[in-house]
Each structure stands twice: as structure tokens, then as C-alpha cells.
Amino acid sequence: MTSARLSPLSALSIARRVGAGDLTVEAAIEEQLDRIAALEPQVMAFTAHDADQVRAAARSPHGALAGLTIGIKDIIDTADWPTQMGSVIYQGHRPPADAPVVARARQAGAVVAGKTVTTEFAFFSPGPTRNPHHLAHTPGGSSSGSAAAVAAGMIPAAVGTQTGGSVIRPAAFCGVAGFKPSYKLIPTVGMKTFSWSLDTLGFFAASVADVAFVAQAIVGRPLAPRADAAPPRLALVRTHLWAEAAGEMHEALETAAARARAAGAVVIDVTLASVFAEAFAAHQVVQDYEAAWALAHEHATGRDQLSPILRETLDAGRALDPARYDEARGIAHRARKAAFDLFDGVDAVLTPSAPGAAPEGLASTGSSIFNRLWTLLGCPCVNVPGLINPRGLPLGVQVVAPFGEDARALEVANWLEGVIQAR
């Protein structure tokens, strides 16, 4: 499978055809099931999928998402599918109820296609999923299956989560739109907690307009971008980690900025204040300390069934002095206040989604160094697809907006996507 053969499904297009009566719900779902049957053996995006169960659920859908299947990351509870969290500890686990985000997706008319592969407890240890653009490369993580299933064109939408970079990075690696909303915009009830100060639910779809449509239908807030949006004012932020980015990411970010300027945007180079570098370092302290609490039961009763990297992280989290955790939280608070100045006079930040394209090999899901700061700040982030390297692998840039300005993030990202893809 190569990028030339990929044909992601547009959620908006399917919904419009169903709404206009040009396509029945049953026919739309059947096409998606056919795609899953054809591509899943190569991509391996699902931990649980049953075509007959999907057909049965599609008999009486209604709502904005009627005709759409949606993948649910396997750390999110579903009453009719197992939730195994990428761990043998929870093999065969059946929750009694849907998580609210799943219930809302069903109420909007979406049909759950199954559970998508996650890394172990949404941390680092990867599952079997492969990047649809090049099967020998990682799809990213921890929302590996959600991003890959959308990119391969098996399903038009999927739900994922982000604690470090687990929506934006796999979206970038797989060449689809990924939307990480503002912290707490969507309740994380019914989702396996890793870090309660950082965990955020998010969405994947083929394009920014598609992901905004899906998110709006589920969240119930006006998120659809205007087609006639004016060129934005952008802060070009390379961060203190710019030297860690590959040359192709340097080029991709500069290309995105140049095309934005040519289309009328104001793009201002911004160097972040030192508090943001401190906040980047604070992210790991907050995450590890909270993970040791969140997974205390699994750590105590199933230690030998955890991967070595997770055991080491939980051991380190337990060893952290609460005073150091409190200090990290204080740094995060100061950085969130400083973010008001960062966004003063600009609509959004333009910054890398990842250090580069998806690395070769499946033993790692890549680095989240260009995501952690924005997750800690709680800002809405959108991966903008459209750029690609000479090997046919996607390169993602991300748009970041102020906390609570989710509609703005999606509108700026939609504008930028159009500019990038117009070339």
C-alpha cells in the first residue's frame, strides 16, 4: 500500500449525500465495511470489529452523522464492544456503559465500527497498527488505530485521546486532520485515565472541514469553519526544540508559512519566553506523578503484565516528591497565564506537529516533543494535512489557538489547509 492508493472518506460528503437522499445509510455503511474487510489485514487498525454487529446497529440511525462509521480508541468504554486498553490485564473486559463521547456519537447518528488500536494504556508500548502510506513505518501513537483507519479510508471518522501528542502526532504521520480540543471541552468520563490534568479527547477525519463537522455533531457547539474566512494573523513558533526537528520539517513549516503569506496572511516570527521551556519540562513531572496514581491498581496487582517502559515510568512517578509535582503545576499555571500574551495580536500559532515524517519501524510511535507544551497549556490544536516528503510520507503542521477558542483553531486550520493544498 502506498500513498497514491489511499482514498480517505469525507465525512461531510457522505453525510450530505445521505441527507440529500442520494445514498442510503445502509449503502454507505456497506461501502465502509467493504473497505475495512479489504484493508484491515494490512493496516491492522482494529482490536475489535464485527461487520454483522455494525450492520445491526445501522438499521435505524438518524442525525447529522447518519451513514458514518466511527472508530473508538480502545481506552474508551463501549457497552457493546470490549475495552482492553492495549493491555493483557484487561483482555476481554466489557464495560457496562458507553463513555459519554460514545453515547453522544451514537445519538448524532454515527455507528461504532469497532475499537481501534491503542498503545498500552495510551502510553508508549505500541500495538500492531501500521502506517497506511508505508506499512513499514509507524502510524504514531497512542491513537494509532484511529489515525490509520481514517487515513486508509476504512472509516470516515474516529475518536482518540491526547496526553502528550497522541492525536496530533498520529494525524501528522498518517496525513489526516486531527483535532485536540481545549482541555475539558469533552468529558473524559469512561476513558481510562493516565493523567487527569492532561488527558483530552479528540477526533480524526480526512480534512479539517470533516473533523470540524464530526466534532460539532458530537460536542454540540458551533465549530464548522466559514468558507469565506479572512487570512489570519499567525505566530510562527519553532520552540526551543527546533534543533530536534528534521530538515524536512524545517522545510515543511517554512513552506506552510510562505504559502500563508502569499495568500494574504500575516506571519510573525515569535520566540517563546523561557517559561514555556520550563512548562515543557514540567509536563513529564505532571504526567508521571499522576500516572502513578491513575494506574496504582494495575501497578500493584499486575506489575509483571506491564511493559518495561511503563513499569519504569510508574516507578519513577511513585518516587516523585509531591512538592516537585506541586512546583510543576505552578509552572504550568504561569505558562497558561503567559499564553495570553503569546496570542495577543494573532489569531493562532503555526508550529510543527511532529519532528518529521513517520519513522521507519514499528517498535516506537515517534516523539511527542512538539505537542507536550500545547497539551499542558490546554490549548485547542489541529493537525493540518497536505504536505508530503519525497518518500510519500505526510508532514504535518499544527495550528494552535488560545484556550477555549476551538472554533478559531479549526477555522484557521481550514484556511491554511486550503492554501497548502492549492499548490
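Residues numbered from 1 in each chain as written. Predicted model: local features only at pLDDT ≥ 70, side-chain atom pairs only at ≥ 80, totals over all residues. Heavy atoms only, no water.

Visitor: Would you mind going over the pattern of salt bridges with me for this structure?
Guide: A side chain with one charge may pair with a side chain of the opposite charge, provided their charged atoms come close. Taken as a whole and judged by the stated rule, the model has 14 salt bridges. Linking Asp-98 and Arg-106 is a salt bridge whose minimum nitrogen-to-oxygen distance equals 2.7 Å. Here Glu-405 makes a salt bridge to Arg-408, at a shortest N to O gap of 4.0 Å. By relative accessible area, Glu-405 is classed as partly exposed at 33%. Residues participating in the shared-partner salt-bridge network are Arg-238, Glu-254, Arg-261 and Asp-269. (Salt bridge = Lys/Arg side-chain N within 4 Å of Asp/Glu carboxyl O. Buried < 20%, exposed > 50% of the residue type's maximum accessible area, 1.4 Å probe, protein only.)

Visitor: So what exactly am I meant to see when it comes to the sheet that holds strand E11 (residues 394-400) here?
Guide: Within a sheet, each strand pairs with its neighbour through backbone hydrogen bonds, oriented either parallel or antiparallel. The strand order E1-E3-E2-E4-E6-E5-E10-E11-E9-E7-E8 describes an open sheet built from eleven strands, whose pairing is mixed. Each edge of the open sheet carries a strand with a single partner, namely strand E1 (46-48) and strand E8 (266-270). On average, adjacent strands in this sheet sit at an angle of 30° to one another, irrespective of strand direction. Pairing of strand E10 (residues 381-388) with E11, which is carried by six bridges, proceeds in the antiparallel orientation. When the bridges of E11 are listed, Asn-383 appears paired with Gln-398. (Pairing = 2+ DSSP bridges. Helix = DSSP H or I, 4+ residues; strand = E, 2+ residues; numbered from the N terminus. Axes fitted to C-alpha atoms, helices over the stretch in contact; angles between N-to-C directions.)

Visitor: What is the right way to read the side chain of Thr-78 from this model?
Guide: With respect to the element layout, Thr-78 can be found in the loop between strand E2 (69-73) and helix H4 (100-107). Here Thr-78 falls in the buried class, since its relative accessible area comes to 0%. Of note is the side chain of Thr-78, whose polar atom sits 3.0 Å from the side chain of Lys-115. Leaving out residues up to four positions away in the same chain, Thr-78 has contacts with Ile-72, Thr-83, Pro-95, Ala-97, Asp-98, Val-102, Arg-106 and Lys-115. (Polar contact = N/O pair within 3.5 Å; in protein donor to acceptor, adjacent residues only side chain to side chain. Contact = heavy atoms within 4.5 Å.)

Visitor: In this structure, what is going on with the packing of helix H8 (residues 247-262) against helix H14 (residues 406-421)? I would like to understand it.
Guide: The angle between the axes and the distance between the axes are what describe a pair of packed helices. Packing of H8 against H14 leaves a shortest axis separation of 9 Å and a crossing angle of 95°. Between H8 and H14, the crossing angle belongs to the class labelled roughly perpendicular. From H8, Ala-256, Arg-259 and Ala-260 reach across to H14, where they touch Trp-415, Leu-416, Val-419 and Ile-420. When grouped by side-chain class, the residues that make up the contact of H8 with H14 number six nonpolar, no polar and one charged. (Parallel < 35°, antiparallel > 145°, perpendicular 65-115°, else oblique. Nonpolar A, V, L, I, M, F, W, Y, C, P; charged D, E, K, R; others polar.)

Visitor: How should the packing of aromatic side chains be read in this particular structure?
Guide: Given two aromatic rings, their pairing is described by the distance between the two centres and the angle made by the two planes. On inspection of all chains with the given rule, the structure shows four aromatic pairs. Look at Phe-123 and Phe-194: their rings are 5.1 Å apart centre to centre, the planes differ by 20°, and that puts the pair in the stacked class. Remark: Phe-194 occurs in the loop between strand E5 (177-180) and strand E6 (200-205) and Phe-123 occurs in the loop between strand E3 (111-116) and helix H5 (144-151); sequence separation between them is 71 residues. In this structure, Phe-123 and Phe-194 share a single accessibility class: buried. Between the aromatic rings of Tyr-289 and Tyr-325, the centroid separation amounts to 4.1 Å while the plane-to-plane angle is 15°, which identifies the pairing as stacked. Taken together, the residues span a long stretch of sequence, with Tyr-289 in helix H9 (residues 274-294) and Tyr-325 in helix H12 (residues 322-342) at a distance of 36 residues. Here Tyr-289 matches Tyr-325 in class, with each residue buried. (Phe/Tyr/Trp six-rings, centres within 6.5 Å; stacked < 30°, edge-to-face > 60°.)

Visitor: I would appreciate a short explanation of H5 in the present structure.
Guide: Because the α-helix completes a turn every 3.6 residues, residues three or four places apart line up on one side. Within H5, eight of the eight residues are buried, which leaves the element mostly enclosed by the surrounding structure. Residue Gly-153 follows H5 closely and has a positive phi angle near 85°.

Visitor: Whenever I open this one, helix H1 (residues 11-20) confuses me. Can you help?
Guide: Among the residues of H1, those classed as buried are Ala-11, Leu-12, Ile-14, Ala-15 and Val-18. For H1, the arc enclosing every buried residue in end-on projection is 165°, short of the 170-degree limit, so these residues lie on one face. For H1, the exposed residues lying more than 90 degrees away from the buried face are Arg-16 and Ala-20. Against helix H2 (25-43) and helix H7 (208-219) lie the buried residues of H1. Positive phi shows up at Gly-21, right after H1, with a value of about 85°. (Arc of directions from axis to C-beta.)

Visitor: Even after reading the chapter, I still don't get the side chain of Thr-375, so can you show me in this structure?
Guide: Mapped onto the fold, Thr-375 is located in helix H13 (residues 372-377). If we ignore the near neighbours within four places in the chain, the residues touching Thr-375 are Gln-162, Thr-163, Gly-164, Lys-180 and Leu-198.

Visitor: It is not clear to me how the pairing of E10 should be interpreted in this structure. Could you clarify?
Guide: E10 sits mainly inside the fold: six of its eight residues count as buried. Pairing of E5 with E10 involves three bridges; the strand directions are antiparallel. The partner of Gly-178 across the bridge, within E10, is Asn-383. Here E10 folds back onto E11, and the loop between the two strands holds five residues, one of which, Gly-392, carries a positive phi near 85°.

Purely spatial values, then, with no claim about function.
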